[in-house]
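# A closer look at the structure
One letter stands for each residue in the lines below.
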Amino acid sequence: MSRAIFFLLFIKMSFVVYSQNANDYYRMASEKYKKKNFIGSSVDYTKAIELSPDAAALYNNRGLCYVKLEKWDKAELDFVKALKLDPSYKQALLNMGNMFSAKLEYELAVLNYDKALALDSLYKKVFAKKAYVLYQLEDYNEALRFYDKAINSSPVKKDILFNARGATYEKLGLFDEAIYDYDITLNLNPKSHATYINRGILKTKKKQFEEAIKDFTVAQSFSGMNGAGYYYRGLCRIGQLDEIRTSKEKHFVLDIKENQKIIQMACSDFKKSKSMSYGSSFEAYQEYCTDETKMGVITSKEKKKRKTVDKVIIKDVVMEDRILTPPTNKESKKKRRSNTFNQR
C-alpha cells in the first residue's frame, strides 16, 4: 500500500515538474520575443512544445517567430498545427493571414481573414488588415467598407486608419472625401509627413497649387532625409507653371521672367531631393531642368513631348511610394488560452 502511495506521489510530482518546465520555456520564449531575439524565442518555444505538444498557443507563437525570421514554410506549418489542435483559434487565422500579406500573397490573406470572420463576424482585429489587402488587390469599394468598420470599431491609431481610407477614396476618384480624411488624420497626428504629401498631391491635381506647396513644405520638415517633400513640391511648381502658360498662352513672351523663377524653384527642389537620393527626383531633374527649360523657352513640339505634371504624379501614385501608410502588421496583445500559455 505504501509503495502504491509513493508511486502516485512520484507521478504527481513528475507531472508538476513537467508542467513547470514547459511554462518556464514559454516565459523565456516570450521575453526573448519582446527583445526581438526571434531565433532564441523559437528555440525555447520548441522546447516548450516538446513538453506540452497539445498546446495550440505554443505553435501559434512559434509561428510568429518564424514569420519574423521569414521562414514562411515553417510558420505556415505551425499555424496549421495550432488550428488542427483548436479549430476555433481565430488568432491563428489572423496571424496566418498577416503572414500571407507579408509575403504579398493577398488572395490567401483574404481567405484566412474571411475564415476568422466566419468564426467571429465582429472580430475587430481583422477589419483593418483585410481592408489593407483588399486595397492591394485594387478592390477599393470593399477596402472602403472594411476601413469604415475599422474606424468605427478601433479606439486607437485612428490617424493611420483615416489616412488609409483617404487613399482609398482617392483611388475611387472621391477627392473631396479623401482630403476630408487627410484633414482628420492631421488633426489627430500633426506630424504625419505622409499625409501632408497625400493631401498635397490631391491639391495639386485640383490645381490648388499654393496650398499644395504648403503641404509639401511641411511634409519635408517632418520627413528628415527622405526627400519626398522636395520632389513633390518641385512637381507641384511644374504644374503651376503649366497652368500659367496655358492661361497666358497668347502673351507667353511677357511671362518669361515669371516662368524662369518658378522653374528655378522647381529645379532647386529636385536638386535637394536628389541629394537625399530620392529615386524619382533624378528623372524629374533630367526632364525639367535643362538649360532650355530654365530659360523659360519651350517650343510647341518640345512641349508635346514632355510629360504633364498630372501624368508624372499619377505614375508615382502607382509605381512609386504613394505613402499610403497602411496599418502595420504588429502582433496583438496576449490573451489567456488553455495550458496557461498566452497567444499572440
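Quick caveat: nothing in here was measured; it's all calculated off a predicted structure.

What counts and what doesn't
- Here the residue index of a chain counts from 1 through its sequence in written order.
- Side-chain atom pairs in this predicted model are given and counted only at pLDDT of 80 or more, local residue features only at pLDDT of at least 70, and totals for whole chains, interfaces and linings cover all residues.
- Excluding hydrogens and water, the side-chain figures rest on all heavy atoms present in the structure.
- Labels follow the DSSP assignment, with helices taken as runs of H or I lasting at least four residues and strands as runs of E lasting at least two, numbered in each case from the N terminus.
- Contact criterion: two residues are considered in contact whenever any of their non-hydrogen atoms come within 4.5 Å of each other.
- Note on areas: Shrake-Rupley, 1.4 Å probe, and residue coverage restricted to the protein chains presented here.
- Pairs were defined over the aromatic rings of Phe, Tyr and Trp, the Trp ring being its six-membered one, requiring ring centres within 6.5 Å. Orientation was assigned from the angle between planes: stacked under 30 degrees, edge-to-face over 60, tilted for the rest.
- Placement of a charge over a ring requires the Lys NZ or Arg CZ to be within 6 Å of the ring centre, with the centre-to-atom vector within 35 degrees of the ring normal.
- Each residue is assigned to one of three classes by its accessible area relative to the maximum for its type, calculated with a 1.4 Å probe on protein chains only: buried under 20%, partly exposed between the two thresholds, exposed over 50%.
- Here, expected helix span is obtained from the residue count minus one, scaled by 1.5 Å.
- By convention a nonpolar core is built from buried Ala, Val, Leu, Ile, Met, Phe, Trp, Tyr and Cys residues, the set being connected through side-chain atoms within 4.5 Å.
- Whenever a pair of cysteine sulfur atoms sits within 2.5 Å, that pair is classed as a disulfide.
- Orientation is described by axes fitted as lines to C-alpha atoms, over the contacting stretch for helices, and by angles from 0 to 180 degrees between their N-to-C directions.
- Should an angle lie under 35 degrees it is considered roughly parallel, over 145 roughly antiparallel, and from 65 to 115 roughly perpendicular; all remaining angles are considered oblique.
- For this classification, Asp, Glu, Lys and Arg are treated as charged, while Ala, Val, Leu, Ile, Met, Phe, Trp, Tyr, Cys and Pro are nonpolar and the rest, including Gly, are polar.
- pLDDT measures how confident the predictor is about each residue, on a scale from 0 to 100.

## Some words on the overall build of the protein
Check the secondary structure of the protein and you find 18 helices and 2 strands. Taking contacts inside the protein between residues at least 6 apart in sequence as the whole, the part at least 24 apart equals 55%. When the accessible surface of the protein is split by element, carbon and sulfur atoms take 57% of a total near 18,300 Å².

## Considering the packing of aromatic side chains
All told, the structure shown has 11 aromatic pairs when counted by the stated rule. Taking 6.4 Å as the distance between ring centres and 85° as the angle between the ring planes, the aromatic pair formed by tyrosine 106 and tyrosine 132 counts as edge-to-face. Taken together, the residues span a long stretch of sequence, with tyrosine 106 in helix 6 (residues 106–119) and tyrosine 132 in helix 7 (residues 124–136) at a distance of 26 residues. Grouped by ring-pair contacts, the aromatic residues Phe216, Tyr231, Tyr232, Phe270, Tyr278 and Tyr288 constitute a single cluster. Note that lysine 90 overlies the ring of tyrosine 123, its terminal NZ or CZ placed 4.4 Å from the centroid. The ring of tyrosine 285 carries the charged tip of lysine 274 above its face, separated from the ring centre by 4.2 Å.

## Looking at unusual backbone geometry
The backbone phi angle of glutamate 70 is positive, close to 60°, even though this residue is not glycine. Among the secondary structure elements, glutamate 70 is positioned in the loop between helix 3 (56–68) and helix 4 (72–85). Overall, the relative accessible area of 53% leaves glutamate 70 in the exposed class. In the Ramachandran plot, lysine 207 falls in the positive-phi region, its phi being about 65° despite a non-glycine side chain.

## Let's talk about the environment of isoleucine 49
Among the structural elements, isoleucine 49 can be located in helix 2 (residues 38–51). As for isoleucine 49 and alanine 22, which are separated by 27 residues in sequence, their C-alpha atoms are 7.4 Å apart. Filtering out sequence-adjacent residues up to four positions away, isoleucine 49 remains in contact with Leu58, Tyr59 and Arg62.

## Some details on helix 10 (residues 175–188)
Here helix 10 contains 14 residues, and its C-alpha end-to-end distance of 20 Å stays within 8% of the 20 Å for a straight helix at 1.5 Å per residue. Within the sequence span of helix 10, burial applies to Ala178, Ile179, Asp181, Tyr182, Ile184, Thr185 and Leu186.

## Section: the nonpolar core
In this structure, Leu58, Phe79, Tyr89, Met99, Val126 and Val133 are the most contacted members of the largest nonpolar core, which totals 59 residues. Beyond its immediate chain neighbours, meaning those up to four positions away, valine 126 contacts Leu94, Tyr113, Ala116 and Leu117. Grouped together as the second largest cluster of nonpolar side chains are 26 residues, Ile197, Ile213, Phe270 and Cys289 included.

## Some remarks on the state of the cysteines
Evaluated as defined, the whole model comprises 1 disulfide. At a sulfur-sulfur separation of 2.1 Å, the disulfide partner of cysteine 267 is cysteine 289. Every disulfide takes its handedness from the sign of the S-S torsion; for cysteine 267 and cysteine 289 that torsion is -110°, giving left-handed. Linking cysteine 267 in helix 14 (residues 256–275) with cysteine 289 in the loop between helix 15 (279–288) and helix 16 (291–294), this pair joins segments that are 22 residues apart in sequence. An identical accessibility class is assigned to cysteine 267 and cysteine 289; each is buried.

## Some points on the packing of helix 3 against helix 5 (residues 90–102)
Between two packed helices, both the angle of their axes relative to each other and the distance between the axes serve to describe the pair. Interaxial distance between helix 3 and helix 5 falls to 10 Å at its minimum, and their mutual angle equals 10°. As judged from the angle between their axes, helix 3 and helix 5 are roughly parallel. Contacts between helix 3 and helix 5 involve Asn60, Leu64 and Val67 from the former and Gln91, Ala92, Asn95 and Met99 from the latter. For the contact of helix 3 with helix 5, a count of residues per class yields 4 nonpolar, 3 polar and no charged.

## Remarks on the confidence of the model for the protein
Caution is warranted with low-pLDDT regions, since their predicted coordinates should not be read in detail. Averaged over all residues, the pLDDT of the protein is 81; the fraction at 70 or higher stands at 75%. Ranking the elements of the protein by mean pLDDT puts helix 18 (residues 309–319) last, at 33, and helix 6 first, at 98. In this model, residues 4–19 is a region of pLDDT below 50 whose contacts with residues beyond four sequence positions or in other chains number 3 contacts. Low pLDDT (under 50) marks residues 295–340, which in the prediction has 115 contacts with non-local residues, meaning those over four places away or in another chain.

## Observations regarding the environment of leucine 137
As for its placement among the helices and strands, leucine 137 is situated in the loop between helix 7 and helix 8 (140–153). Residue classification places leucine 137 among the partly exposed residues on the basis of a relative accessible area of 31%. As a C-alpha pair, leucine 137 and tyrosine 106 span 31 residues in sequence and 7.0 Å in three-dimensional space. In this structure leucine 137 touches Tyr106, Glu107 and Val110, once residues within four positions along its chain are discounted.

## Concerning the environment of methionine 99
Along the polypeptide, methionine 99 turns up in helix 5. On a C-alpha basis, the gap between methionine 99 and glutamate 70 in space is 9.0 Å, while along the polypeptide they are 29 residues apart. Apart from residues lying up to four places away in sequence, methionine 99 is in contact with Val67, Trp72, Ala75, Glu76 and Phe79.

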